[in-house]
Amino acid sequence: MSLPAVGVEYVTSRSVTQLQINAYAEASGDRNPLHVDPVFAVSTPLGGTVAHGMLVLGWVSALLTEAFGHAWIRHGTLRVRFRTPARPGDTLALRAQVTSVDSQDEVTKLGLTVTATNQGGDEVLSGQATVAIPRR
Amino acid sequence: MTLDPATLSAGHQFPRHSFSVTGEEVRQYLEAVGDQWPGYAQLDAVAPPLFLIAKGLGMLLAAIGLPPGSVHGSQECEFVHPVRPGTELVLEAGVTRAATRQGQRFVTVEMAAREDDMLVCRGRALLIIPGDARRPDRSS
């Protein structure tokens, strides 16, 4: 694969739906009522259901898998903070931007910033990722 | 039976947990996340790496029994070795930090999944738990 330069950005978007949150709850085993019970969630300080942070992070990981394939699966790291809940009805912009390219003997290590931002401009998550791409 | 999150402190070790990665679970996860990377559909496909972290975290959250109002504050992941469906893994996890600040309990949980003795992935999660939380009256 050709190596990206500093500044290259990978972008996608996802719509948050209750159906998708419910499906993720079943797939992950995290059935916290804050995610899946609208009647319960409306009585909490959040005022309604929210997506699992790990679902949003799963979208980020999927973006990086699409960008880097097996290199991401074999040699990826993520470090993020969950900042604002993602709610049903939100549309999130997911971005990963290359911030460093470090060529070493056997691999090229990329550093990236990753963000998920809702339609109002609020950061749902932000952090860093690295991926080591074998040199051929 | 779940743990009382108010009593979690640094040094607590969760029981080692063996589990297998099934093709059905992987398919369900990919569908839930909407991940359509073609590589996952190949015959010798590997599991999506974040699936392993999500599954491990799900098992830990079920063991802790977090009360409503708990927040997943941050997450770190490192993917070391790919795993194929059918693989048997062992999850090891423990609390590495726990502190009370401004009425909330901040608990850092670290976990590692291994295939035999080989590290597959590891993760670190910060959980923020309401300080007045007692045992939850709803599953969490």
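Let us look at helix 2 (residues 49–64) of chain B. Helical geometry: 3.6 residues make up each α-helical turn, so side chains three or four residues apart lie on a common side. Residue and element names in this part refer to chain B. Here helix 2 spans 23 Å end to end across 16 residues, near enough to the 22 Å set by a 1.5 Å rise per residue. Buried residues dominate helix 2, accounting for 13 of its 16 residues. Positive phi shows up at Gly65, right after helix 2, with a value of about 70°.

Now for the confidence of the model for chain B. Residue and element names in this part refer to chain B. Of the residues in chain B, 92% reach a pLDDT of 70 or more, and the chain-wide mean stands at 88. Here residues 133–140 is modelled with pLDDT under 50, and outside its nearest four sequence neighbours on either side it reaches 23 contacts, counting other chains as well. The ipTM, which scores confidence in the relative placement of chains, is 0.93 for this predicted complex, and the corresponding pTM is 0.93.

A few words on the sheet that holds strand 4 (residues 107–117) of chain A. Strands sit in the order 1(A)-3(A)-4(A)-5(A)-2(A)-2(B)-5(B)-4(B)-3(B)-1(B) across an open sheet of ten strands; the sheet is antiparallel. Edge strands, defined here as strands with exactly one partner in the open sheet, are strand 1 (9–15) of chain A together with strand 1 (17–20) of chain B. Across this sheet, the average inter-strand angle for adjacent strands is 20°, counted without regard to direction. Here strand 1 of chain A runs beside strand 3 (residues 91–103) of chain A; their pairing, made up of seven bridges, is antiparallel. From the neighbouring strand, A:Tyr10 faces strand 3 of chain A, where its bridge partner is A:Ala96. Contacts from helix 4 (residues 53–68) of chain A reach strand 1, strand 2 (76–82), strand 3, strand 4 and strand 5 (123–134) of chain A together with strand 2 (71–79) of chain B within the one sheet, and its direction differs from that of strand 3 of chain A by about 50°.

Okay, the environment of A:Val50 next. Residue and element names in this part refer to chain A. Mapped onto the secondary structure, Val50 falls in the loop between helix 3 (38–41) and helix 4. By relative accessible area, which is 6% here, Val50 ends up buried. Considering only alpha carbons, one finds Val50 and Pro88, 38 residues apart in sequence, at a separation of 6.8 Å. Val50 has contacts with Ile21, Leu34, His35, Pro85, Ala86 and Arg87, leaving out every residue within four places of it along the chain.

It is worth spelling out the nonpolar core at this point. Grouped together as the largest cluster of nonpolar side chains are 75 residues, with contacts concentrated most on A:Leu57, A:Leu64, A:Phe68, A:Leu78 and A:Leu112. The biggest single contributor to this core is helix 4 of chain A, with ten residues. When near neighbours in sequence (up to four residues on either side) are disregarded, A:Leu78 contacts A:Leu57, A:Val60, A:Leu64, A:Trp72, A:Val114, A:Gln128, A:Ala129, B:Leu50, B:Gln75, B:Glu76 and B:Cys77.

Our focus in this paragraph is the pairing of strand 2 of chain A. Only one face of strand 2 of chain A is covered, namely the one carrying A:Gly76, A:Leu78, A:Val80 and A:Phe82; the face carrying A:Thr77, A:Arg79 and A:Arg81 has none of its residues buried. Here seven bridges tie strand 2 of chain A to strand 5 of chain A, and the two strands are oriented antiparallel to one another. The partner of A:Thr77 across the bridge, within strand 5 of chain A, is A:Thr130. As judged from the five bridges shared by strand 2 of chain A and strand 2 of chain B, these two strands associate in the antiparallel manner. Within strand 2 of chain B, the residue paired with A:Leu78 across the bridge is B:Cys77.

Let us look at the packing of aromatic side chains. Applying the stated criterion across every chain, the model contains five aromatic pairs over all chains. Between A:Tyr10 and A:Phe68 the ring centres are 5.3 Å apart and the planes differ by 70°, which places this aromatic pair in the edge-to-face class. Here A:Phe68 lies in helix 4 and A:Tyr10 lies in strand 1, a separation of 58 residues in the sequence. What makes A:Phe68 buried here is its relative accessible area of 4%. Both rings, one in B:Tyr29 and one in B:Phe51, keep their centres 5.3 Å apart while their planes meet at 65°; by these two values the pair is edge-to-face. Linking B:Tyr29 in helix 1 (residues 23–33) with B:Phe51 in helix 2, this pair joins segments that are 22 residues apart in sequence.

Residues and elements named next belong to chain B. In this structure, Gln102 is a non-glycine residue whose phi angle is positive, near 50°. Tracing the backbone shows Gln102 in the loop between strand 3 (88–101) and strand 4 (104–115). With relative accessibility at 82%, the residue Gln102 sits in the exposed group. If you check the backbone angles, Asp116 has positive phi at about 55° while not being a glycine.

This part takes up the environment of B:Glu115. All names here are of chain B. As for its position among the elements, Glu115 is in strand 4. Judged by its relative accessible area of 25%, Glu115 falls in the partly exposed class. Spatially, the C-alpha atoms of Glu115 and Pro130 are 35 Å apart, while their sequence positions differ by 15 residues.

Cut-offs used in this document
Residues numbered from 1 in each chain as written. Chains lettered and ligands numbered in written order. Predicted model: local features only at pLDDT ≥ 70, side-chain atom pairs only at ≥ 80, totals over all residues. Heavy atoms only, no water. Helix = DSSP H or I, 4+ residues; strand = E, 2+ residues; numbered from the N terminus. Expected span 1.5 Å × (residues − 1). Buried < 20%, exposed > 50% of the residue type's maximum accessible area, 1.4 Å probe, protein only. pLDDT = per-residue confidence, 0-100. Contact = heavy atoms within 4.5 Å. Pairing = 2+ DSSP bridges. Axes fitted to C-alpha atoms, helices over the stretch in contact; angles between N-to-C directions. Core = buried A, V, L, I, M, F, W, Y, C linked by side-chain atoms within 4.5 Å. Phe/Tyr/Trp six-rings, centres within 6.5 Å; stacked < 30°, edge-to-face > 60°.

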